[in-house]
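# Structural features, examined
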Amino acid sequence: MVPAVTASDPLAAAGVLFPDGAGRLMVVRAVYERRHPVEVPGGGWELQDATPRDTALREIAEEMAVRAELGPLACVDWALDALRPPIVSFLYWAAPLTAGQLAAVRLQEDELGGYAFVTPRQAASALPPKLSRRVAACLRAPAGWGPVELEDSLPVGQSRVFLSHEPAPPYTAADGIDLAGGDRPPVIPPLDRATYIATRPRIRVAVRILATDAAGRVLAEDGNAAADGDGDGSGPRLPGAVVAAEAETPRQAAARVLAGRPGLPGGPPGRLLGLDWLPGGGGPARLVYVFDGGTAVPPGPGLRPVEAGEAGPRTAACLAVRDSPGGPIELVGGAPAVRTV
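Scope of this entry: the structure provided in the associated data block. In this text the structure is predicted, and so the values were computed from the model without any measurement.

## A look at the nonpolar core
If you look at the biggest cluster of nonpolar residues, it comprises 49 residues, and the most contacted ones within it are Val-88, Phe-90, Ile-203, Leu-287 and Tyr-289. Apart from residues no more than four positions distant in its own chain, Phe-90 is found in contact with Ala-13, Ala-14, Gly-15, Pro-52, Leu-73, Cys-75, Val-76, Trp-277 and Leu-287. Listed in part, the 24 residues of the second largest apolar core include Val-135, Val-148, Leu-150 and Phe-162.

## Remarks on empty space enclosed by the protein
The full count for this structure, using the stated rule, is five cavities of 30 Å³ or more. Considering only enclosed or pocket space, the second largest cavity measures out at about 60 Å³ in volume. Contributing to the lining of the second largest cavity are Thr-51, Pro-52, Arg-53, Phe-90, Tyr-92, Leu-275, Trp-277, Leu-287, Glu-330, Leu-331, Val-332 and Ala-337. Contributions of two or more residues to the lining of the second largest cavity are made by helix 1 (52-64), strand 6 (87-94), strand 13 (272-278) and strand 16 (329-332). At three residues, the largest contribution of residues to the lining of the second largest cavity is made by strand 16. Among the residues making up the lining of the second largest cavity, the classes are represented as nine nonpolar, one polar and two charged.

## A word on the sheet that holds strand 8 (residues 148-151)
Read across the open sheet, the six strands follow the order 4-1-6-5-8-9; overall the sheet is mixed. What marks the edges here is a single partner per strand, and that holds for strand 4 (42-44) and strand 9 (154-155). Looking at chain direction, strand 1 (residues 11-17) and strand 4 are connected through three bridges and run antiparallel. Bridging from a neighbouring strand, Ala-13 pairs with Gly-44 of strand 4. Helix 4 (residues 129-140) contacts strand 1, strand 5 (70-79), strand 6, strand 8 and strand 9 of the sheet and is inclined by roughly 40 degrees relative to strand 6.

## Brief notes about unusual backbone geometry
Across the junction of Gly-146 and Pro-147, the peptide omega takes the value -5 degrees, indicating a cis bond. With phi around 60 degrees, Ala-65 is a residue other than glycine that occupies positive phi space. Here Ala-65 is to be found in the loop between helix 1 and strand 5. Accessibility expressed as a relative area gives 46% for Ala-65, which makes it partly exposed.

Parameters and conventions
Residues numbered from 1 in each chain as written. Predicted model: local features only at pLDDT ≥ 70, side-chain atom pairs only at ≥ 80, totals over all residues. Heavy atoms only, no water. Core = buried A, V, L, I, M, F, W, Y, C linked by side-chain atoms within 4.5 Å. Buried < 20%, exposed > 50% of the residue type's maximum accessible area, 1.4 Å probe, protein only. Contact = heavy atoms within 4.5 Å. 1 Å grid on protein atoms, 1.4 Å probe; cavity = no way out; pocket = protein on both sides within 12 Å on 5 of 7 lines; lining within 4 Å. Points joined across faces, edges and corners; volume = space filled by probe spheres on them. Helix = DSSP H or I, 4+ residues; strand = E, 2+ residues; numbered from the N terminus. Nonpolar A, V, L, I, M, F, W, Y, C, P; charged D, E, K, R; others polar. Pairing = 2+ DSSP bridges. Axes fitted to C-alpha atoms, helices over the stretch in contact; angles between N-to-C directions.

Put into structure tokens, the structure is as follows:
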């Protein structure tokens, strides 16, 4: 049985990076945000959204009347805040909007008060500091090295190899930015912050460790496929755990598994190999982080080696990228996510 989500489990959100032909990026002004009015287009995951990609597409359609064409996942960020649970934030690259699409933009009056295309430097100053770091990491990632793995909007894991931390420039919000599409005054949101957060849907997040033996076989737990809801539906289950979101990040949870499970290699987790979103079908969705656990010689008690072909589609997909550079593969139910561009 899948455990029910709790108030301390994470939220999820998805945003879109719209570039133009001049090296600029679209930002929008949220009419209900007085302190941090400038954002990138997007919004929170809802129960009716099958995937974060669907969240991004729905938000753009609702708030801008635009049908976006999404490309690769740019980053995943375990976004922290002392006043709320973590938010697993996805950012997607999108195809540039055509002149016709821009002419047809209609902003949702109770959500957005304008938009603009700004330089990376302008975006870094206009966006709130953590979002600024997140977007800057996506812009700085070398081609072929995304998605970027972030925690608290800072590079972690493999992403630290090619992304050093650079402090955000002074925060200016919307100062000096000409926001097209209207200049509507700020509005009072329908819910106060605490109530809004308390009523948002949660997701369940787990980690799995992909470790192999000296012969390259996958180390799986004794028994059959996962019964706790974060398996990919077939094949043996990789060792792992549910992330205690109130106390740890996914990478810290993976380190906890590696340190506490006999038979797995010690040390910190390796690369983030895959992100597998498991739709909830109208209920809580689940997200599985798959980390590289290295090689164990020999496997310990409670683990058994299985051939790669027996390990299920999620594990096979992660094995396929294990020796490649770059960030994790984006999966939905064990299969590669479908792009619209």
